[in-house]
Amino acid sequence: MAIVAFLIKRLLQAVLVMFVISLIGFSIQDNLGDPLRELVGQAVSEAEREALRDRMGLNDPFLEQYWRFLGNAVQGDLGVSYHFKRPALDVIADKFPATVDLVIGAAIIIVLVSVPLGCWCAIQPRSWLSQAAMGASIVGISIPVFLTAIFLIYLFSVNLGWLPSFGRGESLVEIVPGWKTGFLTGEGISHLVLPSIALSSIFLPLFIRLIRSEMMEVLEQDYIRYAWAKGLAPRRVWFLHAFKNTLLPVITVGGVQIGLMLAYTILTETVFQWPGLGFMFIEAVTRVDTPLIIAYIIVVGLIFVVTNTVVDLIYTLVNPTVRLVGAPS
Amino acid sequence: MTFQFTKIATGALLACAVAVGAGIAGVAPAEAKTLRMAYDADPVSLDPQEQLSGGTLEMAHMVFDPLVRFTKELEYEPRLAESWEQIDDLTMRFHLREGVVFHSGNPFTAEDVVFTLERLKGSPDFKALFEPFEGAKIIDDHTVDLVTVEPYPLVLNLATYLFPMDKAFYTGTDDNGKPKDAIVKHGSTFASTNASGTGPFVVRAREQGVRVEFERFADYWDTESPGNVTEIIFTPIKEDPTRVASLLSGGVDFIKPVPPTDLERLGNEEGVNLVTMGGTRIITLQMNQDRVEAFKDPRVRQAIVYAINNQGIVDKIMKGFATVAAQQSAPGQVGHAADLKPRYDLDKAKALMAEAGYEDGFSITMMAPNNRYVNDDKIAEAAAAMLARINIKVDLTTIPKAQYWPEFDVRAADIMMIGWHPDTEDSANYTEFLLMTPDAETGYGQYNSGNYSNPEVDKLIIQSQSMVDQEARAKVLQQVERLLYEDAAFVPLHWQDLSWASRDGVHIEDIVNVMDFPYLGDLVID
């Protein structure tokens, strides 16, 4: 039953988080700019604009506006995007699959590269490959994703002509209604390659270094010495006994990083004209599309709570000594 | 994402069927040519009257046709109006083209013109432009009179904004019980997602912000047009380097705009067709006389104009990709006074400051946007540095446009940057908005953050508004530019250039123009 209590607690936390976010989002919206500017032409008179503001309820007192927002929000209505002229949550639902594709693409690259490389660096710290990987990761961590992305585009799209430079392509496959993915066609994957590499480039150095240092620490521990003394095969020592315990902190950090990754999709998606949440958000900010901005941060807040919850659950599977809530031990 | 395109889709299918039928009947079908293009943004709506913006008008020239349009040389070219004549001081008679059909299949008649003008007069964005019009009067099915309240010199200018909409198509109520012709700023309307115009292209599919697909209208009236594009795939690409890379990698055939930093590179690139042209968007600085006592003295204002090296800004910051300005009206516009020259002269500036008793200078604030005009923040920084040389210490703030406009509305700094492109392509429009005495009633001087006021200028502009004699009117408008120049009413910087690029074989040079509405219906691809 501990798990049920845990989930309920997390659910309440999520509601609280979203409430606080909405309040913050709502109170800063006046500083974002004037949404009317993006809705009407430059020559439209101030009187005409004022009338529109009145009609849209933008001149009402803060509490009245917020109360109206909350009333609609509990019914699942976070307002209508000024730019898209559709419910903000619908717009977000439309853009979500593209971002998930990108995050999965980047996660695959991160796992496939950082795990073997991190382990190798721990096992053979003096080899040339380890030294090169450590050096490259210093450089990698200090190059902004913007530059990485543009470099990738010029190398692989413009000069070599191997990969497309923007968008998701035209052959997306609808796996469930309203959810299209690019992973099922060659063309879709070709569009995913560069953005995924760009996005993963920010996280790779961190994960390689993290896995390396954790693994080195584990390799120093007594039970590993016993394993060596027992004469176990090196592969067994490294990958079964040592690696499993290396994973614990990696999972925790990984969960937090998924949230950060959402933040970095803003840059990556902008450069690649990737029609996902990040690009939508930055556009909404420049257009002062406040309903969409607030809906986005609420959804992202929810994603943070959900990923943290999932990470905690996985943690208990990997390490049974961890208890979720104060259950008797 | 599904849009209610059933009607148009059906129409398009029928059109295809007809085209295929014609092919079988022995008429050689035109070779299919697809244009993939990337602008920095896609149209916000399919309703040509919802928002007065470049994006809307670009879309309107694809899906709709105006009564008349400007040629590259700013001459009037007949479109849905075959000819026109002035009947009396208030009336211009338009003879409409016969045999034109809308995408819906409905025939185009004078009724549609009346409907369109009425709707324009009710659109928040367009009503001010069309205020001078009393209305449209039907003479017969293909003759219509546009009647103005007073003699009005810009009837033809505004006829370029009159894109007849299909009255039958936009009449009635949609699935939600809302009127189909409604214009709503916040919320969806029938007209913003459905379109029936007479234009060369029919919208086949649209996913806002991602892509719009067009295909050529099989029954398009202009069979003389050399245009051979049968399909357009329009993807907005916001980021400058990505847009350029997409052209270079062959992902798209045509891009606009080209960022100034890439002009030289694209100009030298094999296989790229780069086209640039002087534009009509003037970038200026306004000096607020209400906030700074010294700005009331014309000598101080002149000193500032003399101190700012606008040629240097064009050369160094704009990389030559702008035309240095000494007035608002661009070359080619009626009010352009060719004798006015840029006047950078630092010694003269210092002398003027001394003469005005401000040798030791003073401190002011300055504000500019950082994402509205090309290099806007860098231009402001340069101007601030130049003013330091005549001892004017500038506290500069640059902010995103979303936050800039509210600041501009309350005149939050002593010097503010403003760019202007006249919706009417007419010289008087600059002064009406930027430099006439601010008046909330009439709306004049809405963007005059300097609070410059000159009764002579106001009088001349109002006079020009009802002068039908174009030559005499041009003289009056040039007189206005000279007065403003002498008075140093504002700091003229430059007109932004326009730029387009395509791969070789896509002949964009024939279809682009100073309004920046490429006439894609006439585009030829080898």
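Predicted, not measured: the structure shown is a model, and the values here were computed from it. (Residues numbered from 1 in each chain as written. Chains lettered and ligands numbered in written order. Predicted model: local features only at pLDDT ≥ 70, side-chain atom pairs only at ≥ 80, totals over all residues.)

## Let's talk about the interface of chain A and chain B
Here's step 1: Listed per partner, the contact involves 38 residues of chain A and 37 residues of chain B.
Here's step 2: Looking at which element gives the most residues to the side of chain A that touches chain B, the answer is helix H7 (residues 145–159) of chain A, with five residues.
Here's step 3: Considering only residue class, the side of chain A that touches chain B consists of 20 nonpolar, 11 polar and seven charged. (Contact = placed C-beta atoms within 7 Å. Helix = DSSP H or I, 4+ residues; strand = E, 2+ residues; numbered from the N terminus. Nonpolar A, V, L, I, M, F, W, Y, C, P; charged D, E, K, R; others polar.)

## Observations concerning helix H2 (residues 54–63) of chain B
Residue and element names in this part refer to chain B.
Here's step 1: Most of H2 is tucked away, with eight of its 10 residues classed as buried.
Here's step 2: Of all the residues in H2, the buried ones are Thr56, Leu57, Glu58, Met59, Ala60, His61, Met62 and Val63.
Here's step 3: Residues of H2 that are buried make contact with strand S8 (201–207) and strand S9 (211–216). (Buried ≥ 20, exposed ≤ 12 C-beta atoms within 10 Å, placed from the backbone.)

## So, the UniProt feature "domain: ABC transmembrane type-1" (unreviewed entry) in chain A
Here's step 1: The feature "domain: ABC transmembrane type-1" (unreviewed entry), as given by UniProt, occupies residues 96–315 of chain A in the numbering adopted here.
Here's step 2: Secondary structure within residues 96–315 of chain A divides into 80% helix and 3% strand; the distance between the first and last C-alpha atoms comes to 27 Å. (UniProt positions renumbered as here; feature names shortened; annotations may be inferred.)

## Re the UniProt feature "transmembrane region" (unreviewed entry) in chain A
Here's step 1: Taking the UniProt record as the reference, the feature "transmembrane region" (unreviewed entry) is found at residues 12–29, 102–123, 135–156, 189–208, 246–267 and 293–315 of chain A.
Here's step 2: Counting secondary structure, residues 12–29 of chain A comes out at 94% helix and 0% strand; the distance between its end C-alpha atoms is 26 Å.

## Section: the confidence of the model for chain B
Residue and element names in this part refer to chain B.
Here's step 1: Confidence along chain B averages 89 in pLDDT terms, with 94% of residues attaining 70 or more.
Here's step 2: Contacts of residues 1–29 to residues separated by more than four positions or lying in other chains number 29 contacts, the stretch itself having pLDDT below 50.
Here's step 3: The ipTM, which scores confidence in the relative placement of chains, is 0.81 for this predicted complex, and the corresponding pTM is 0.83. (pLDDT = per-residue confidence, 0-100.)

## Some thoughts on the pairing of strand S16 (residues 415–420) of chain B
All names here are of chain B.
Here's step 1: With five of its six residues buried, S16 lies for the most part within the structure.
Here's step 2: By the bridge criterion, six bridges tie strand S12 (residues 272–287) to S16 in an arrangement that is antiparallel. Paired with Thr284 across the strands is Ile418, a residue of S16. (Pairing = 2+ DSSP bridges.)

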